[in-house]
Amino acid sequence: MDVIVKPDYRTLSETAARLVARWSLVEPGSVVMLPTGNTPKGMYAELAQLAAAGLIDFSSVTVFSLDEYLDLPEDDERTFRRYMMRHLWNKISPGPAAWHIPSSRPADVQAECQAFDRKVAESGGADLAVLGIGENGHIAFNEPGTPWDRTTHVAELAPQSRRGEAERFGGVEHVPKQAITVGVKTIMRARRVLLLASGEAKAEVLYRALKGPITTDVPASVLQLHPQLTVLVERAAGAHIG
Ligand code: PGA
C-alpha cells in the first residue's frame, strides 16, 4: 500500500487528477471506475481543466460509475448520473468511449445489476477504481456488514449514510433508502485502486480501515488485501495513519 499525504484539498485534487491521467488516460482503451461525493469534486475540476487544455483525452476510455440511488427520476439533479454530467462530462469534449451508470429507475432492478456486471466483464474489468470512503467505512455503497463476495447489487443505505445526505435532499426522510452499487468483489478485481479521503471527519475511519482488523464492519478495510492500493489523503484525514 502506498500512502500519499497532501497538505490541502487543492493539492489532493491535483494529485488525484494526475494519477488518474497517468493510470487510465495514457494507455488507449483503459477501463476506469469513478466515484461521486464531495471528495472527488476537485479532482473532476482538475481533470476537466487538463482535458480543456488538450493534455488528456477520455475518448478511448470506458468509464463505470460505482453506484446510483434508486427511486429518483434519472434527470433528478441529485442522481449520480447528473452529478457526473455537472462535474465532468458537460465540461469535456470528446467524452469517454463509453460511460455506464445504473439507472435510478430501472424496470427490473435485478436485471439492471446483472447487466452492469456483464458490461464490466465485457470490458475486461477495471484497470483503475477510484474510491471515496464514507464516515462509516463504506466504499461505493457497500455498507458495514456487506459480504465481500458481492458483485453489483441493491444496497440498503445505512442510517449514517442517509443522514450525511439529508441536507442535499432537504431532510433525511427524502434521502433514497436504496442504491445500486458495485460490490466489494468487483472493486477488488480492479487492477489498481486509488482511495481518496479529505477532511478531519474521515481521520478515524481511515485509521480503522487501513490499520485495524480486516472486517466487514469497516468495508474499506478489505482494501488492505489489494495488491495495488494507493491511498491519497489530505493531511487532516491522514492524522492517525502516520
Ligand atoms: P464524500 O463521500 O466524498 O462526500 O465524503 C465519500 C463516500 O461516501 O464514499
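Residues numbered from 1 in each chain as written. Predicted model: local features only at pLDDT ≥ 70, side-chain atom pairs only at ≥ 80, totals over all residues. Heavy atoms only, no water.

J.: Please provide a residue-by-residue account of the sheet that holds strand S4 (residues 67-69), values included.
T.: Pairing is antiparallel across the open sheet formed by three strands, whose spatial order is S4-S8-S7. Bordering the open sheet on either side are S4 and strand S7 (153-156), each of which pairs with just one other strand. Strand-to-strand twist across the sheet, computed as the mean angle between neighbouring axes with direction ignored, equals 30°. When S7 meets strand S8 (residues 178-181), the two strands line up antiparallel, connected through four bridges. The residue bridging alanine 155 from the neighbouring strand is alanine 179, located in S8. Where helix H4 (residues 109-123) meets the sheet, its contacts fall on S7 and S8, and the angle it forms with S7 comes to roughly 120°. (Pairing = 2+ DSSP bridges. Helix = DSSP H or I, 4+ residues; strand = E, 2+ residues; numbered from the N terminus. Axes fitted to C-alpha atoms, helices over the stretch in contact; angles between N-to-C directions. Contact = heavy atoms within 4.5 Å.)

J.: An account of the site of the ligand is needed here, citing residue identities and associated values.
T.: The full set of residues close to the ligand is Gly37, Asn38, Thr39, Gly132, Ile133, Gly134, His138 and Lys202. For the ligand, an oxygen atom lies 2.8 Å from a polar atom in the backbone of asparagine 38. In this structure, histidine 138 approaches the ligand through a side-chain N or O atom, which is 2.6 Å from an oxygen atom. For the ligand, the cavity whose grid points lie within 2 Å of the majority of its atoms is the largest pocket. Taken together, the residues of the shell around the ligand sort by class into one nonpolar, six polar and one charged. (Near = heavy atom within 4 Å. Polar contact = N/O pair within 3.5 Å; in protein donor to acceptor, adjacent residues only side chain to side chain. 1 Å grid on protein atoms, 1.4 Å probe; cavity = no way out; pocket = protein on both sides within 12 Å on 5 of 7 lines; lining within 4 Å. Sits in = over half its atoms within 2 Å of the grid points. Nonpolar A, V, L, I, M, F, W, Y, C, P; charged D, E, K, R; others polar.)

J.: Could you give an account of the packing of helix H1 (residues 9-25) against helix H2 (residues 41-52), naming the residues involved and the relevant values?
T.: As a packed pair, H1 and H2 sit with axes 8 Å apart at the nearest point and diverge in direction by 60°. By the angle between their axes, H1 is oblique relative to H2. Classified by chirality, the crossing of H2 by H1 is right-handed. Note on element contacts: H2 touches H1 through Lys41, Gly42, Met43, Glu46, Leu47 and Leu50, opposite Tyr9, Ser13, Glu14, Ala16, Ala17, Val20 and Leu25. Looking at side-chain class alone, the contact of H1 with H2 contains eight nonpolar, two polar and three charged residues. (Parallel < 35°, antiparallel > 145°, perpendicular 65-115°, else oblique. Left-handed = near helix turned anticlockwise from the far one by under 90°.)

J.: Got a sec to walk through the sheet that holds strand S2 (residues 31-34)? Specific residues and values, please.
T.: Paired through their backbone hydrogen bonds, the strands of a sheet run either parallel or antiparallel. Here we have seven strands laid out as an open sheet, ordered S1-S10-S9-S6-S2-S3-S5, and parallel in their pairing. Whereas interior strands pair on both sides, the edge strands pair on one side only; in this sheet they are strand S1 (2-6) and strand S5 (98-100). Direction aside, the axes of adjacent strands within the sheet are offset by 15° on average. In terms of strand pairing, strand S3 (residues 62-65) meets S5 through three bridges, oriented parallel. Of the residues in S5, the one forming a bridge with phenylalanine 64 is histidine 100.

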